[in-house]
Amino acid sequence: MSEEQQKQAFDKEAYQAGLKELQVLDFALVELNLYLNTHPGDLQAIQQFNQLAQKRQAVAQQFELQFGPLVNFGNSYSRYPWQWNETPWPWQV
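Rules of the game
- Residues numbered from 1 in each chain as written.
- Predicted model: local features only at pLDDT ≥ 70, side-chain atom pairs only at ≥ 80, totals over all residues.
- Heavy atoms only, no water.
- Helix = DSSP H or I, 4+ residues; strand = E, 2+ residues; numbered from the N terminus.
- Buried < 20%, exposed > 50% of the residue type's maximum accessible area, 1.4 Å probe, protein only.
- Contact = heavy atoms within 4.5 Å.
- Areas by Shrake-Rupley, 256 points an atom, 1.4 Å probe, with all protein chains shown as cover.
- Salt bridge = Lys/Arg side-chain N within 4 Å of Asp/Glu carboxyl O.
- Expected span 1.5 Å × (residues − 1).
- Polar contact = N/O pair within 3.5 Å; in protein donor to acceptor, adjacent residues only side chain to side chain.
- Core = buried A, V, L, I, M, F, W, Y, C linked by side-chain atoms within 4.5 Å.
- Phe/Tyr/Trp six-rings, centres within 6.5 Å; stacked < 30°, edge-to-face > 60°.

The protein is annotated in an unreviewed UniProt entry as Polypeptide composition of the spore coat protein CotJB of Paenibacillus pasadenensis.

Here it is as structure tokens:
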């Protein structure tokens, strides 16, 4: 598939839906993190945090397989050819 065909095949709606799902998970994880800072003994909250963290990792992995890396500095892998010069980047959407 040529580079032009790849750009045409880009599914903007799926990209945005994937980013939104990650943002929802990130929001919930931050809120649980803040709650657990003041309620460290809440087992149910810890379990919920761990479940959401696991789900976020799976969603991020699937997103990166489909659309490319989310974060730089070795926190995400790149396929060949180097993907960081392809747009849109997550912060541009």
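Now, onward.
Colleague: Explanation requested: the overall build of the protein in the structure shown.
Modeller: Scanning the protein from N- to C-terminus turns up three helices and zero strands. Walking the protein from its N terminus toward its C terminus, one meets helices and strands in the order α-α-α. Looking at the protein as a whole, 24% of its 93 residues are labelled buried. Residue pairs in contact within the protein that sit at least 24 positions apart in sequence constitute 47% of those at least 6 positions apart. Within the structure as shown, the protein displays about 7,300 Å² of accessible surface, and the carbon and sulfur contribution to it stands at 53%.

Colleague: I tried to follow the pattern of salt bridges on my own but got confused; where do I start?
Modeller: A pair can form between side chains of opposite charge whenever their charged atoms are brought close. Throughout the structure, instances matching the rule amount to one salt bridge. As a salt-bridge pair, Asp26 and Arg56 come within 2.4 Å of each other at their nearest N and O atoms. Of the two residues, Asp26 sits in helix H2 (residues 12–38) while Arg56 sits in helix H3 (residues 43–67), which places them 30 residues apart along the sequence. Judged by its relative accessible area of 24%, Arg56 is partly exposed.

Colleague: For this particular structure, what's the right way to read H3?
Modeller: Since the α-helix advances by 3.6 residues per turn, residues separated by three or four positions end up pointing in the same direction. Spanning 25 residues, H3 covers 36 Å between terminal C-alpha atoms, matching the ideal 36 Å at 1.5 Å per step. Listing the buried residues of H3 in full gives Ala45, Leu52, Val59, Ala60, Phe63, Glu64 and Phe67. Structurally, the start of H3 carries an N-cap: the backbone nitrogen of Gln44 is 3.2 Å from a side-chain oxygen of Asp42. Gly68 sits one or two positions beyond H3 and adopts a positive phi of about 110 degrees.

Colleague: Looking at this structure, how should I read the nonpolar core?
Modeller: Generally speaking, a soluble globular protein has its nonpolar side chains buried in company with each other. Core analysis: the largest hydrophobic core is formed by 14 residues, its most contacted members being Tyr15, Leu19, Leu22, Leu52, Phe63 and Leu70. Among the elements of the structure, H2 and H3 are those that each provide at least two residues to this core. Considering every element that reaches this core, the biggest residue donor is H2, with seven residues.

Colleague: How should the packing of aromatic side chains be read in this particular structure?
Modeller: Aromatic ring pairs are described here by two measures, namely the spacing of the ring centres and the angle between the planes. In this structure the tally under the stated criterion is three aromatic pairs. Note on Tyr15 and Phe63: the rings are 5.1 Å apart at their centroids and 50 degrees apart in plane angle, and the pair reads as tilted. One end of the pair, Tyr15, is in helix H2; the other, Phe63, is in helix H3, with 48 residues separating them in the sequence. Using a relative accessible area of 4% as the deciding quantity, one classes Phe63 as buried. Among the aromatic residues, those joined into a cluster by ring pairs are Tyr15, Phe63 and Phe67.

Colleague: Would you mind showing me how to read the environment of Trp84 here?
Modeller: Summarising the element assignment, Trp84 is placed in the segment after H3. Along the sequence, Trp84 and Asn72 sit 12 residues apart, while their C-alpha atoms lie 8.4 Å from each other. Among all residues touching Trp84, those that are not within four sequence positions of it are Pro69, Leu70, Val71, Asn72, Trp89 and Trp91.

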